[in-house]
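Understanding the architecture of this molecule
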Amino acid sequence: MNLLPTTTSSDIQEAQPSLAVLPIGSFEQHGRHLPLITDTAIACIISHEIASIYPVHLLPPITMSCSHEHAGFPGTVSISAKTLYAVIDDIRASLARSGIHKLVIVNGHGGNYVLSNIVQEANVDSPAVSLFPLGADWDSARAHAGLVSVRHADMHAGEIETSILLHSARELVRDGFADADHDGGSRPFLLVQGMRAYTETGVIGFPSHATAAKGKAVLASLADSFAGHLEILGLK
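My aim in this report is to walk through the structure given alongside it, one point at a time. Nothing here was measured: the structure is a model prediction, and the numbers come from that model.

**A closer look at the nonpolar core**
As a rule of thumb, nonpolar side chains are buried together in soluble globular proteins. Counting residues in hydrophobic clusters, the biggest one holds 40 residues, and the most contacted among them are Ile-46, Leu-165, Val-218 and Phe-226. By size, the runner-up hydrophobic cluster in this structure holds 20 residues, among which are Leu-22, Ile-62, Cys-66 and Leu-84.

**Regarding the pattern of salt bridges**
Counted by the stated rule, this structure contains 3 salt bridges. For the salt bridge of Asp-154 with Arg-142, the shortest nitrogen-to-oxygen distance reads 3.0 Å. With a gap of 12 residues between them, Asp-154 in the loop between helix H5 (135-145) and helix H6 (159-168) and Arg-142 in helix H5 connect regions that are remote in the sequence. Like Arg-142, Asp-154 is buried. Across the pair Glu-159 and Lys-214 runs a salt bridge whose closest N-O atoms are separated by 2.8 Å. Of this pair, Glu-159 sits in helix H6 while Lys-214 is found in helix H8 (residues 212-232), placing the two residues 55 residues apart along the sequence.

**Description of the packing of aromatic side chains**
On inspection of all chains with the given rule, the structure shows 2 aromatic pairs. Where Phe-132 meets Phe-226, the ring centres are 5.3 Å apart and the plane angle is 85 degrees; that geometry is what we call edge-to-face. On the criterion of sequence distance, the pair formed by Phe-132 in strand E4 (residues 129-132) and Phe-226 in helix H8 is long-range, its members being 94 residues apart. Arg-196 extends its terminal NZ or CZ atom over the ring of Phe-73, reaching a point 4.1 Å from the ring centre.

**Focus on the layout of surface pockets**
Of the voids in this model, the largest pocket is the one considered here, and its volume is about 800 Å³. Considering the residues around the largest pocket, the lining is formed by 30 residues, among which His-109, Gly-110, Trp-138, Arg-151 and Met-155 are closest to the centre. Contributions of two or more residues to the lining of the largest pocket are made by helix H2 (38-51), helix H4 (114-122), H5 and H6. Split by residue class, the lining of the largest pocket holds 11 nonpolar, 11 polar and 8 charged. Looking at the second largest pocket, its volume works out to about 220 Å³. In terms of lining, the second largest pocket is formed by Gln-29, His-30, Gly-31, Arg-32, Leu-34, Pro-35, Leu-36, Phe-73, Pro-74, Arg-196, Glu-200 and Thr-201. The residue makeup of the lining of the second largest pocket, split by class, is 5 nonpolar, 4 polar and 3 charged.

Conventions used here
Residues numbered from 1 in each chain as written. Predicted model: local features only at pLDDT ≥ 70, side-chain atom pairs only at ≥ 80, totals over all residues. Heavy atoms only, no water. Core = buried A, V, L, I, M, F, W, Y, C linked by side-chain atoms within 4.5 Å. Buried < 20%, exposed > 50% of the residue type's maximum accessible area, 1.4 Å probe, protein only. Salt bridge = Lys/Arg side-chain N within 4 Å of Asp/Glu carboxyl O. Helix = DSSP H or I, 4+ residues; strand = E, 2+ residues; numbered from the N terminus. Phe/Tyr/Trp six-rings, centres within 6.5 Å; stacked < 30°, edge-to-face > 60°. Lys NZ or Arg CZ within 6 Å of the ring centre and 35° of its normal. 1 Å grid on protein atoms, 1.4 Å probe; cavity = no way out; pocket = protein on both sides within 12 Å on 5 of 7 lines; lining within 4 Å. Points joined across faces, edges and corners; volume = space filled by probe spheres on them. Nonpolar A, V, L, I, M, F, W, Y, C, P; charged D, E, K, R; others polar.

Dropping the structure here:
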């Protein structure tokens, strides 16, 4: 699986896209059956799906982000919220200099809370930036794909993430996911205590229910939902 776009400068000059798509992932533990790059891979898979349908300028991913709640597990690397903010702000400025003033951030990691603030601030004067997928987009995709679990319970390395990778990057999924289910409960103090307080394995979710067919259906639903983000940005 190639996570990077392969377009040339000439391709962009010819297409003249008015919207850029920026995948943002993370480098954090995902239990024993999924790699540290899981969120980055999923953000890229969703972004490539979008780029195969809509005329967008697909950017390479930001591969490290705000994963501090996973610090208790080996391999996890984080950057600060202010660093992530600054990088995205610089990317937006660079895009604007090239004539692209609309951006969709495709977020693969739920812990990137700062992205909501970035989007809020960017849209004060007029619609310019959207965050995708939103909770409603994920819920629609879960329903469309017939997932057994619900979003809160299937938070991390569970049914939906494993399904997407089984469909699009089977080589990234290790054996053992069928026996890795873990219910992390309500997790009221996740931001204080981190993931270790709610899971010993790093999994909160139900990967045993994952299938490639569900992953394919999830991506199809998300591609459909993306049209609403184009519309709200005035591009449809």
